[in-house]
Amino acid sequence: MSSCQVMVVGAGPTGMLLAAELARRNVGVRLLEKRDRPAEHSRALGIVPRTMEMFEQLGLIDELLTHGHRVHGIRIYGKERRLLVDLDLRNLPTRYPFMLLLPQTRTEAILRHLLEELEVKIEWGTELTTFQPEKSGICAELTQADRPQEAFCGYLAGCDGAHSTVRKGAGLEFKGQAYQQNWLLADVSLEPRLDPKFMHLFTCPTGPIIFFPLPENVWRIVAMRPGTVQDAGQATLEEIAAMLERNQLGHLRPHRPLWVAGFAIQHRRTKPLRQGRVFLCGDAAHIHSPAGGQGMNTGLGDAFNLGWKLAAAVKGSGTEALLDTYEKERLPVIEGVLELTDRMTRMMTATAGPAVWIREWVMPFAAKLGMGKRMGERLSQLQVGYPHSPAVLPDARRKPPMIPVGSRIPSMALKNQLTGREATLPDLLSRGRLVLLLFPDGTMRTGELRRITARAGPVDWHWVLRAGQSPEEIREGDGAWTDPEGGVRAALGNPDHASWALLRPDGILMARGESCETGLLAEFLNRLFGGSEEGSEASGP
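What you are looking at is a predicted structure, and each value in this text was computed from that prediction instead of being measured.

**Some words on the overall build of the chain**
No. 1: The helix and strand inventory of the chain stands at 12 helices and 28 strands.
No. 2: With the C-alpha coordinates of the chain rotated into their principal frame, the extents come out at 75 × 60 × 40 Å.
No. 3: The buried share among the 541 residues of the chain stands at 58%.
No. 4: Taking the intrachain contacts of the chain between residues at least 6 apart in sequence as the baseline, contacts between residues at least 24 apart amount to 72%.
No. 5: Counting only carbon and sulfur atoms, one obtains 51% of the accessible surface of the chain, whose full area is about 23000 Å².
No. 6: If the 64 positive side-chain charges of the chain are averaged to one point and the 62 negative ones to another, these points end up 4 Å apart.

Given below as structure tokens:
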């Protein structure tokens, strides 16, 4: 019987990212996929700014940007093609203030290349059939080339989509329902083209028609068509052209189709996300309307949240309390996404009644009063944080401009004190470890901090210094950075006293305190990491 530390079922974007997060932390992982080859067509397109920041930590952002198409936002049109909302993302507080449109097949190819570098092989044509949890792990029965085999794993992660074998095997419900609508999509050339710097949504008598600009002058058209979910099936280019003609969009002529298909949409989720040694991520745990481009991004967020925690548990430092925080953190995010996409879908698909009046007359005024800006921030997922999580240490004394504990780390600039190299805070997280930032003020003794943080495993230490300041207790492996304008210290530390900030591997502010405040931190880390103080004290660039 073969064995591994973690078995990931499903080699879509979520499963591949989770496998990569585990493998780069030296966890033995198997990645199973019942298909015999990669998908040929792409349903998911949009990559939001927060996901781009995650890919930056993995060193994949340049390849993503090279192949993707950047759009500034989305324009929504009402009756007689009147512009209702111009949702612009260019002022978002990130290095990536745009939506990147990239076929899912290309995103998967980029992740497959990362897995090759990490020496993780996708086991194509291998299907999980049943599994049985035991005290020390999970016994699984697999089928490969019609031949059964047995395997054992410490943990099992279901990233195997809406029809998840893992979810069904765990006996978990998938509560929700299908939208009673019938949709089609087509990847085509379009003449004349719309402005390719934006996505375009036209509300029409038959339902919305949406245009997404893709690389290589391809446009994806997604449209609601007459009929119910039971009628969803194949579509033709002629049907799309006729639909455009009926809805005063006949001047847009689609041709050279690459892919035309019909589909239906649902909104469902499961609860819990964890059952003992079994975890669910991505579409195996939640599916919803494609409105806002949240689906793949939310699944990737699941994997990024779970990966470092599961690796810590495998390595022996992470506790059950740490693993429990996966569900406690991600369920509110998932529920928020389902609520948001459902509300957007119902508003945009309405063809009669009060919703149409609200969309045509109230929504434009609300957008001008700030709703558009808030909607852009929410769709970007930059606001996703975990302020009430047991995996962050509350800080009651925070005051602006200090960011709240549990929030995403902003992309603020630092300069290496030895080399002059510029970097940002997310750059410090590229090794996938906890990061401790030190903000000295005069003499700052770190012995107790080093002893306490060692229980969490390898921690990268970085001194953040004022101009002309030098650290007194720097050790080999510590990083030393200049914060000339004091912005990093103001946001994460205490401008007036020696202080520290602990950053999670997934880019979340985990804890902060003054140099003398170590008691609460010790209790906090002991609960999440078990109290072992045998880990590496410090390791930096």
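On we go.
**Re the pairing of strand β18 (residues 266–269)**
No. 1: Here strand β12 (residues 175–178) pairs with β18 via four bridges, running antiparallel. Each residue of the ladder has a partner; that of glycine 176, found in β18, is arginine 268.
No. 2: When β18 meets strand β21 (residues 286–287), the two strands line up antiparallel, connected through two bridges. Residue pairing for β21: arginine 269 is matched across the bridge by histidine 286.

**Considerations on empty space enclosed by the protein**
No. 1: The final tally for this structure, using the stated rule, is two cavities of 30 Å³ or more.
No. 2: Within this model, the largest cavity holds a volume of roughly 130 Å³.
No. 3: Lining the largest cavity are 13 residues, and of these Arg50, Met54, Arg330, Val384 and Tyr386 sit closest to its centre.
No. 4: Elements that contribute at least two residues to the lining of the largest cavity include exactly α2 (49–57) and α7 (295–315).
No. 5: Examining the composition of the lining of the largest cavity, we find that four residues originate from one element, α7, more than from any other.
No. 6: Each pocket or cavity is described by its volume, and for the second largest cavity that value is around 40 Å³.
No. 7: The wall of the second largest cavity is formed by Arg50, Glu53, Gln57, Arg408, Ile409, Pro426, Leu429 and Gly507.
No. 8: Class assignment of the residues belonging to the lining of the second largest cavity gives a composition of three nonpolar, two polar and three charged.

**Here we look at a nonpolar patch on the surface**
No. 1: Among the surface-exposed residues, Trp357, Ile358, Trp361 and Val362 lie close enough to one another that they form a single nonpolar patch of about 420 Å² accessible area.
No. 2: Along the chain, the position of tryptophan 357 falls in helix α9 (residues 354–379).

**What to know about the sheet that holds strand β14 (residues 198–202)**
Consider a sheet: its strands pair through backbone hydrogen bonds, and that pairing is either parallel or antiparallel.
No. 1: Strand order in the open sheet formed by seven strands is β6-β5-β14-β15-β16-β13-β17, with mixed pairing between adjacent strands. Edge positions in the sheet fall to β6 (83–88) and β17 (253–263), since each has one partner strand and no second. For this sheet, the mean inter-axis angle between neighbouring strands, taken without regard to orientation, is 20°.
No. 2: As judged from the three bridges shared by β14 and strand β15 (residues 209–214), these two strands associate in the antiparallel manner. Pairing of leucine 201 across the sheet is with isoleucine 210, part of β15.
No. 3: Running at roughly 105° to β17, helix α6 (residues 237–246) makes contact with β13 (182–191), β15, β16 (218–225) and β17 of the sheet.

**Considerations on the nonpolar core**
No. 1: Met7 and Leu156 are the most contacted members of the largest nonpolar core, which has 71 residues in total.
No. 2: Looking at this core, the element that brings in the most residues is α7, giving eight residues.
No. 3: Non-local contacts of leucine 156, meaning those with residues more than four positions away in its chain, are made with Met7, Val9, Leu128, Phe131, Ile138, Val166, Arg277, Val278 and Phe279.
No. 4: In this structure, Phe212, Val222, Leu340 and Met348 belong to the second largest nonpolar core, which totals 33 residues.

**Section: the packing of aromatic side chains**
No. 1: All told, the structure shown has six aromatic pairs when counted by the stated rule.
No. 2: Ring geometry for tyrosine 96 against phenylalanine 98: centres 6.4 Å apart, planes inclined by 90°, an arrangement best described as edge-to-face.
No. 3: With a centroid separation of 6.3 Å and an interplanar angle of 50°, the aromatic rings of tyrosine 155 and phenylalanine 279 are classed as tilted. With a gap of 124 residues between them, tyrosine 155 in strand β11 (residues 147–158) and phenylalanine 279 in strand β20 (residues 278–280) connect regions that are remote in the sequence. Assigned by exposure class, tyrosine 155 and phenylalanine 279 land together as buried.
No. 4: Of the aromatic side chains, those joined through ring pairs into one cluster are Tyr77, Phe202 and Phe211.
No. 5: Above the face of the phenylalanine 174 ring, arginine 167 is positioned so that its terminal group lies 3.8 Å from the ring centre.
No. 6: Over the face of the ring belonging to tyrosine 155 we find arginine 277, whose NZ or CZ atom lies 4.9 Å from the ring centre.

**Some details on the sheet that holds strand β4 (residues 69–71)**
No. 1: Reading across from one edge, β3-β7-β4 is the order of the three strands in this open sheet, with antiparallel pairing throughout. Looking at the sheet topology across the chains shown, the edges are occupied by β3 (46–47) and β4.
No. 2: Of the strand pairs in this sheet, β3 and strand β7 (residues 99–101) are connected by two bridges, and their pairing is antiparallel. The partner of glycine 46 across the bridge, within β7, is leucine 101.

Cut-offs applied
- Residues numbered from 1 in each chain as written.
- Predicted model: local features only at pLDDT ≥ 70, side-chain atom pairs only at ≥ 80, totals over all residues.
- Heavy atoms only, no water.
- Helix = DSSP H or I, 4+ residues; strand = E, 2+ residues; numbered from the N terminus.
- Buried < 20%, exposed > 50% of the residue type's maximum accessible area, 1.4 Å probe, protein only.
- Contact = heavy atoms within 4.5 Å.
- Areas by Shrake-Rupley, 256 points an atom, 1.4 Å probe, with all protein chains shown as cover.
- Lys, Arg positive; Asp, Glu negative; His and termini not counted.
- Charge placed at Lys NZ, Arg CZ, Asp CG, Glu CD.
- Pairing = 2+ DSSP bridges.
- 1 Å grid on protein atoms, 1.4 Å probe; cavity = no way out; pocket = protein on both sides within 12 Å on 5 of 7 lines; lining within 4 Å.
- Points joined across faces, edges and corners; volume = space filled by probe spheres on them.
- Nonpolar A, V, L, I, M, F, W, Y, C, P; charged D, E, K, R; others polar.
- Patch = residues over 30% accessible without salt bridge, like charges linked within 9 Å, V, L, I, M, F, W, Y side chains within 5 Å.
- Salt bridge = Lys/Arg side-chain N within 4 Å of Asp/Glu carboxyl O.
- Axes fitted to C-alpha atoms, helices over the stretch in contact; angles between N-to-C directions.
- Core = buried A, V, L, I, M, F, W, Y, C linked by side-chain atoms within 4.5 Å.
- Phe/Tyr/Trp six-rings, centres within 6.5 Å; stacked < 30°, edge-to-face > 60°.
- Lys NZ or Arg CZ within 6 Å of the ring centre and 35° of its normal.

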